[in-house]
2 protein chains.
Amino acid sequence: METIKSLQNEKVKNLVKLHSKKHRNCTKQFLVEGEHLIKEALYANCVSLLILQEDTINIFDYAGKMMYVSQDVMNKISQNVSEVKMIAVCEMIENNSEEFDRFIMLDNLQDPGNVGTIIRTALSFNYPKIYLSKNCVDVYNDKLIRSTQGAIFKVDIEICDLKDKIIELKENNYQVFGTSLKNAMPLKQIIRVDKYGIILGNEGSGVSNEVLDITSQNIFIEINNFESLNVAVAASICMYGLIK
Amino acid sequence: METIKSLQNEKVKNLVKLHSKKHRNCTKQFLVEGEHLIKEALYANCVSLLILQEDTINIFDYAGKMMYVSQDVMNKISQNVSEVKMIAVCEMIENNSEEFDRFIMLDNLQDPGNVGTIIRTALSFNYPKIYLSKNCVDVYNDKLIRSTQGAIFKVDIEICDLKDKIIELKENNYQVFGTSLKNAMPLKQIIRVDKYGIILGNEGSGVSNEVLDITSQNIFIEINNFESLNVAVAASICMYGLIK
């Protein structure tokens, strides 16, 4: 197989465009780097092209489209500072399963590490459905994907209008818990139910008031006055705390 | 007051040296950047020099040593990519209080964001004492300090040999809980006590076996098979879960 060595190659240029959210949304494709994440992507059957550095042995049992490139070209396609040897082009898969007992809803979260960690934790605690408001950080952001440790390929992510979705979920007998420091009940006092979800909000401003107004109940985590929790930490404690 | 504009100024050169762990340990000083963190440092009474960009108004009620510098010099002293207007030189304060009911112990943690988030969460849940093994990431690392959101100035941090410390703590009637996936009890089944601490381990390899061997009890968080939790998330759930 031919090795692409020119940074000016059209294919290379198109792959680099996947660094931008706009181009990812256009093509419905995104990049995944490193052995562990690529394995998870292959397992999820969403890889459409595997790019290997020319001296790298193909350790994957993958019969799809492949491309060999020089390390220079690899560095250009990569979104990481440190050198990688393999990158996969993945297809965004819509996987809107309607059967789930628990969900997580993210309102305007901006830090990719926080969102990635929440997705990883959600999978670990069996919250398989994740709703994101339209103004959240892009879920195919490289740092976000890495923070999920591969969980991104195993949960069902939907970007939607949160208010419409909350009304719909309540009609379908889900308890929808907002998180808020005001007008809220302590987490330890909440009656555990089977069908429910938890809403987490922006790192600075929390869940928006218009969302908090239509939840079934708002909850808070009992901590020291004047202190605060990182949103991924708060999410994890709520997920753990509400399991029956 | 004179404004320092030369990058070659000896004072500036010495301040830049505080980027390195070695120099921080030598001088027992470290840098803190940004208004929120500097306020916390001033409140903790550990600021020995306040450096302001020449056009910045001194918003702090601070009567100690000050220095004005040009933005170029500021950028040189700063450890951030984005421009800052104020940096404080802080003194490392040893604050080995012996009176505490709960503690956190970190065994070979390497990610500054994880350690910072754990310190922040520990303060929020009233675990005022933090022990770090000697091979942990440096606690005066810039990213670590930022992740604590100022909690670093309010908890009591001690770097020590964990094995010796565990033996001592057990002699003083603390329950010492390790975290481990093997030979451990589910968190939900642990009997809550008043005096205890939780040990978290390295991001890849967890708590070392020689430490796990001498704990009072090892615990695990019940999650889906094949998945895992970020260590700051695991720490938070244990801290929350073990409170009486």
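Parameters and conventions
- Residues numbered from 1 in each chain as written.
- Chains lettered and ligands numbered in written order.
- Predicted model: local features only at pLDDT ≥ 70, side-chain atom pairs only at ≥ 80, totals over all residues.
- Heavy atoms only, no water.
- Salt bridge = Lys/Arg side-chain N within 4 Å of Asp/Glu carboxyl O.
- Buried < 20%, exposed > 50% of the residue type's maximum accessible area, 1.4 Å probe, protein only.
- Axes fitted to C-alpha atoms, helices over the stretch in contact; angles between N-to-C directions.
- Helix = DSSP H or I, 4+ residues; strand = E, 2+ residues; numbered from the N terminus.
- Parallel < 35°, antiparallel > 145°, perpendicular 65-115°, else oblique.
- Left-handed = near helix turned anticlockwise from the far one by under 90°.
- Contact = heavy atoms within 4.5 Å.
- Pairing = 2+ DSSP bridges.

A side chain of one charge can pair with a side chain of the opposite charge if their charged atoms are brought near each other. All names here are of chain A. The tally for this structure, following the rule as stated, stands at 28 salt bridges over all chains. A salt bridge links Lys165 to Glu158, with the shortest nitrogen-to-oxygen separation between them at 3.1 Å. Since its relative accessible area comes to 15%, Glu158 is described here as buried. Linked through salt bridges whose partners overlap, the residues forming this network are Lys129, Asp156, Glu158, Lys165 and Glu168.

Right, let's get into the packing of helix α9 (residues 231-242) of chain A against helix α9 (residues 231-242) of chain B. Here α9(A) crosses α9(B) at 50 degrees, and the two axes come no closer than 9 Å. Taken together, α9(A) and α9(B) sit at an angle that is classed as oblique. Of the two possible hands of crossing, α9(A) and α9(B) adopt the one that is right-handed. Seen from α9(A), the contacting residues are A:Ala232, A:Val233, A:Ser236, A:Ile237 and A:Tyr240; seen from α9(B), they are B:Ala232, B:Val233, B:Ser236, B:Ile237 and B:Tyr240.

Residue and element names in this part refer to chain A. Strands sit in the order β8-β7-β6-β11-β9-β12-β10 across an open sheet of seven strands; the sheet is parallel. The two strands at the open ends of the sheet, each matched to only one other strand, are β8 (156-159) and β10 (185-186). For strand β6 (residues 102-107) and strand β7 (residues 129-132), the ladder comprises four bridges, and the chain directions are parallel. Following the sheet pairing, Ile104 is matched in β7 by Ile130.

Turning our attention to unusual backbone geometry. All names here are of chain B. The phi dihedral of Gln149 falls on the positive side, at around 55 degrees, and the residue is not glycine. In this structure, Gln149 sits in the loop between α6 (142-148) and β8 (156-160). Note on Gln149: relative accessible area 41%, which makes it partly exposed. Phi angles above zero are rare outside glycine, and Phe226 is one such case at about 75 degrees. Turning to its location among the elements, Phe226 is positioned in the loop between β12 (217-220) and α9. The exposure class of Phe226 is exposed, given its relative accessible area of 82%.

Functional significance is not addressed by these values, which are geometric in nature.
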